[in-house]
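Observations on the model geometry
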Amino acid sequence: MEQIGTFGAHRTTIGDLQLFRDETDSTVAHMLASCAVVRMAKGRRIEDGSHARLYIVLSGQLEIAPDTHADDESGTSCINPGESAGEQAVLDDAANLAAMTATEDTELLVIEPELVWELIDRSHVLARNLLRLMSFRIRAANALLRRRQKLGEFYRQLSLNDPLTGLYNRAWLGDMLPKLVGRASQDKSPLSLIMIDLDNFKNFNDTHGHIAGDTALGVAAELIRNTLRPSDYAVRYGGEEMMAVLPNTSPEIAAMVAERLCLKLRAAIVFPDMRLPLPHLTGSFGIASLKPGDDEQALIAAADAALYRAKEAGRDRVCD
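Residues numbered from 1 in each chain as written. Predicted model: local features only at pLDDT ≥ 70, side-chain atom pairs only at ≥ 80, totals over all residues. Heavy atoms only, no water.

This part takes up the overall build of the protein. A tally of regular secondary structure across the protein gives 9 helices and 13 strands. Relative to the compact-globule value of 20 Å for 320 residues, the protein shows a C-alpha radius of gyration of 33 Å, a clear excess of over 25%. Put simply, the protein has 320 residues, and 42% of those count as buried. With an accessible surface of roughly 17600 Å², the protein has 52% of that area assigned to carbon and sulfur atoms. Here the protein carries 34 positive and 45 negative side-chain charges, and the mean point of each set is 6 Å from the other. (Helix = DSSP H or I, 4+ residues; strand = E, 2+ residues; numbered from the N terminus. Rg over C-alpha atoms; globule rule 2.2 N^0.38 Å. Buried < 20%, exposed > 50% of the residue type's maximum accessible area, 1.4 Å probe, protein only. Areas by Shrake-Rupley, 256 points an atom, 1.4 Å probe, with all protein chains shown as cover. Lys, Arg positive; Asp, Glu negative; His and termini not counted. Charge placed at Lys NZ, Arg CZ, Asp CG, Glu CD.)

Following this line, the structure appears as structure tokens:
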């Protein structure tokens, strides 16, 4: 930055500065008169080190990126003529960590922190304008934080869903099933699990191709999701294996749900285009219910063992 004069000799008046808007005390203007006015060439960055200062743009524009390590520019703001930057650093008596860069040739009024506090003591107008400005920036920062939180939650939800079927995935199961088991054990309420495996799915893929296999998985997933209650959970456990987690569900009700799923899957239409052959799609179902002292691993193991019995018995059936 190159000092080109002082504010008292500059063409800009105190009335042009937002922080001093409506200020009528001539002493305040006199206090600012000796403050340095500096010039920044386009693309130059303010290098403040550990020294906090208040900057007011007299001409040109500053771009401020609060977090220089951010992966995006959603926090970037522009400071136009009459607007200021660095207030927070001065008020906190801390280093200004914001990255401030001139987007065009820019002239700045530089006010040292000691003088800022003298001006606040002197001018109620400045104090009021500063409070209004800080309130606005806090609101803007909170709004940005909420947007980032929503975006983070969106990506978190994406990470817990299987992209092909839209069902929950193993990561979700590893996080939620222990909680559901713990809640059921604490409340002494029933919790059941249905393990589902599409029968002879490798042969299906070999016969009809992997694209048709993906379609079949999507059909099966939608069927399972639409059959369950809103309080139940459908999970893609891996490959052609899926799972239904049924809170507050007794073994008898879980068996009824599994039989209904078995019948619906048997009747499912994989190819809506009637010119194509309709492959036969069935599933094997293993049911398990939480027993006293069981954890989530024991529950999954019991459902998996029941699924194995269904396969051994000829597939396309339900076993517990």
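Additional details are given in the paragraphs that follow.
A word on unusual backbone geometry. Here Asn200, not a glycine, exhibits a phi torsion of approximately 50 degrees, which is positive. In the Ramachandran plot, Asn248 falls in the positive-phi region, its phi being about 50 degrees despite a non-glycine side chain. Positionally, Asn248 belongs in the loop between β11 (241-247) and α8 (251-266).

Across the sheet, 5 strands lie side by side as β1-β2-β8-β3-β6; this open sheet has antiparallel pairing. The open sheet is flanked by β1 (2-6) and β6 (84-85), the only strands paired with a single partner. In this sheet, β6 lies alongside strand β3 (residues 54-59) in antiparallel orientation, the contact comprising 2 bridges. Bridge assignment links Ile56 to a residue of β6, and that residue is Ser84. (Pairing = 2+ DSSP bridges.)

Mapping His10 onto the fold places it in the loop between β1 and α1 (26-32). For His10, a relative accessible area of 14% corresponds to the buried category. For His10, the side chain forms a polar contact with the main-chain nitrogen of Thr12, separated by 3.0 Å. Here His10 is in contact with Val37, Leu58 and Glu107, once residues within four sequence places are set aside. (Polar contact = N/O pair within 3.5 Å; in protein donor to acceptor, adjacent residues only side chain to side chain. Contact = heavy atoms within 4.5 Å.)

At a minimum axis separation of 7 Å, helix α6 (residues 201-208) and helix α7 (residues 210-227) run at an interaxial angle of 130 degrees. Taken together, α6 and α7 sit at an angle that is classed as oblique. Of the residues in α7, those in contact with Phe201, Phe204, Asn205 and His208 of α6 are His210, Ala212, Gly213, Ala216 and Leu217. In the contact of α6 with α7, the residues fall into 5 nonpolar, 4 polar and no charged. (Axes fitted to C-alpha atoms, helices over the stretch in contact; angles between N-to-C directions. Parallel < 35°, antiparallel > 145°, perpendicular 65-115°, else oblique. Nonpolar A, V, L, I, M, F, W, Y, C, P; charged D, E, K, R; others polar.)

Moving on to the pattern of salt bridges. Scanning all chains against the criterion turns up 11 salt bridges. When the shortest N-O distance is used, the salt bridge between Asp175 and Lys179 registers 3.6 Å. Of this pair, Asp175 and Lys179 both sit in helix α5 (residues 170-187), 4 residues apart, which is roughly one turn of that helix. Of the residues examined, Lys179 reaches a relative accessible area of 46% and is grouped as partly exposed. Across the pair Lys202 and Asp206 runs a salt bridge whose closest N-O atoms are separated by 3.0 Å. Of the two residues, Lys202 and Asp206 both sit in helix α6, 4 residues apart, roughly one turn of that helix. Each member of the pair, Lys202 together with Asp206, is exposed. (Salt bridge = Lys/Arg side-chain N within 4 Å of Asp/Glu carboxyl O.)

Low pLDDT means the predicted atomic positions in that stretch should not be read closely. Summing up the model confidence of the protein, the mean pLDDT is 88 and the portion of residues at 70 or higher is 92%. This model gives residues 68-74 a pLDDT under 50, and the stretch forms 6 contacts once residues within four places in sequence are excluded. (pLDDT = per-residue confidence, 0-100.)

Let us look at the packing of α7 against α8. For any two helices packed against each other, one specifies the inter-axial angle together with the distance between the axes. For the pair α7 and α8, the least separation of the axes is 10 Å and the interaxial angle reads 145 degrees. Judged by the sense of rotation from one axis to the other, the crossing of α7 with α8 is right-handed. Contacts between α7 and α8 pair Ala220, Leu223, Ile224 and Thr227 from the former with Arg260, Leu261, Lys264 and Leu265 from the latter. Residues of the contact of α7 with α8, tallied by class, amount to 5 nonpolar, 1 polar and 2 charged. (Left-handed = near helix turned anticlockwise from the far one by under 90°.)

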